[in-house]
Structures are given as C-alpha cells and as structure tokens.
Amino acid sequence: MADLNKIVEEISGLSLLEAAELVKMLEEKLGVTAAAPMAMAAMPMAAAGAAAAAAPAEEKTEFNVILKAAGEKKIEVIKAVRQIITNLGLKEAKELVDSAPQPVLQGVSKDAAADAKAKLEAAGATVAVE
C-alpha cells in the first residue's frame, strides 16, 4: 500500500502547471474526468479556482420578469400586467404596478419572459429580465 501522506506532500509541492499536467495524466490513465474542483482536495486553492473557472457555465433555463417602474402610462402598464397574468384582478394588478420594482413572472421560459417584457415595454414600463 502506498504511503498516502508522502503522496500528499509531493502533490502539494507541485506548481500549478505541474498539478494540471498531473490531472491530465491521471484522467488519461484512469479514464475519468476531474469535473469537480474538490476532486483533489490536497491541491492549493489556486488550482481549485482554476478548475472552477475552466468548467463550462450552465445555460439558464428559467427567467424572472421584473417590473422596475411603471413609467408615465400607468394605466397601460396595468392592462399589460393583466394580459400577462390573466388571473389578476384590476386591484391586484394596480397594487403590483404601484409597488414596483416587483416580479411579474418568475421561473418562466426565455420566450415567455421576452414576450412579457415586450408587452410591458410597449405599454411604457421599465422592465428587467433576470
């Protein structure tokens, strides 16, 4: 059995480039990938940060439509909110518009968020999609 403490000491003495090369060699030899930055906990934090930066960013699938301000055409914005959220009454839609910034839609698809944003902006509102 290998002396694990000795291996840890040797790995911690490697430069960042040497550690990256070691990871590549282990991946090829063992047929695996080191996807998580915590896979080699003995490596310095700089190496873990570099591994995290190299991971591809996930594409966002859920969006929130935030009403930032009603603008000058408040009645038109209230009508647009009622078109987007069909189960809101006039009073609830007015309260939502008056209390801006407020989320209008949460966890919707990109197309639904873009459609809602277009309707609200056409009515004169300031909108953000997050």
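Refer to the structure above for everything that follows.
Remember, predicted model here, so these are calculated numbers, not experimental data.

Draft legend 1. Region of interest: the overall build of the protein chain. A count of helical and extended segments in the protein chain gives six helices and three strands. Ordered by position from the N terminus, the helices and strands of the protein chain form the series α-α-α-β-α-α-β-α-β. Counting over 130 residues, the protein chain shows a buried share of 24%. For the protein chain, long-range pairs separated by at least 24 residues make up 64% of all intrachain contacts whose partners lie at least 6 apart in sequence. Put simply, the protein chain shows about 9,200 Å² of open surface, and 57% of that area lies on carbon and sulfur atoms.

Draft legend 2. Spatial organisation of helix α5 (residues 90–98). If you check which residues of α5 are buried, you get Ala93, Leu96 and Val97. The buried residues of α5 occupy an angular sector of 95° when projected down its axis, which confines them to one face. Where α5 is buried, its residues touch β1 (63–69), α4 (74–84) and β2 (102–108).

Draft legend 3. Local environment of the pattern of salt bridges. All told, the structure shown has six salt bridges when counted by the stated rule. Across the pair Lys94 and Asp98 runs a salt bridge whose closest N-O atoms are separated by 2.7 Å. Taken together, the positions of Lys94 and Asp98, both in helix α5 and four residues apart, correspond to about one turn of that helix. Here Lys117 ties to Glu121 by a salt bridge, and the two come within 4.0 Å at their closest N and O atoms. Of the two residues, Lys117 and Glu121 both sit in helix α6 (residues 110–122), four residues apart, roughly one turn of that helix. On the accessibility criterion, Glu121 (40% relative accessible area) is partly exposed. Salt bridges sharing common partners tie together Lys74, Lys94 and Asp98.

Draft legend 4. Region of interest: the packing of α4 against α6. Contact geometry of α4 with α6 gives a least axis separation of 8 Å together with a crossing angle of 160°. Accordingly, the angle class assigned to the pair α4 and α6 is roughly antiparallel. Where α4 crosses over α6, the two elements pack in a sense that is right-handed. For the pair α4 and α6, the contacting residues are Val77, Ala80, Val81, Gln83 and Ile84 in the first and Ala116, Lys119 and Leu120 in the second. Residues that form the contact of α4 with α6 fall into these classes: six nonpolar, one polar and one charged.

Draft legend 5. Focus on the nonpolar core. With 23 residues, the main nonpolar core has Val77, Val81, Ile85, Val104, Leu105 and Leu120 as its most contacted residues. Only β1, α4, α5, β2 and α6 provide two or more residues apiece to this core. Of the residues forming this core, the biggest block, five residues, is contributed by α4.

Draft legend 6. Highlighting the packing of α4 against α5. At a minimum axis separation of 9 Å, α4 and α5 run at an interaxial angle of 120°. Considering only the axes of α4 and α5, their crossing is right-handed. For the pair α4 and α5, contact is made by Lys74, Val77, Ile78, Val81 and Arg82 and by Leu90, Ala93, Lys94, Leu96, Val97 and Asp98, respectively. Residues of the contact of α4 with α5, tallied by class, amount to seven nonpolar, no polar and four charged.

Conventions adopted
- Residues numbered from 1 in each chain as written.
- Predicted model: local features only at pLDDT ≥ 70, side-chain atom pairs only at ≥ 80, totals over all residues.
- Heavy atoms only, no water.
- Helix = DSSP H or I, 4+ residues; strand = E, 2+ residues; numbered from the N terminus.
- Buried < 20%, exposed > 50% of the residue type's maximum accessible area, 1.4 Å probe, protein only.
- Contact = heavy atoms within 4.5 Å.
- Areas by Shrake-Rupley, 256 points an atom, 1.4 Å probe, with all protein chains shown as cover.
- Arc of directions from axis to C-beta.
- Salt bridge = Lys/Arg side-chain N within 4 Å of Asp/Glu carboxyl O.
- Axes fitted to C-alpha atoms, helices over the stretch in contact; angles between N-to-C directions.
- Parallel < 35°, antiparallel > 145°, perpendicular 65-115°, else oblique.
- Left-handed = near helix turned anticlockwise from the far one by under 90°.
- Nonpolar A, V, L, I, M, F, W, Y, C, P; charged D, E, K, R; others polar.
- Core = buried A, V, L, I, M, F, W, Y, C linked by side-chain atoms within 4.5 Å.

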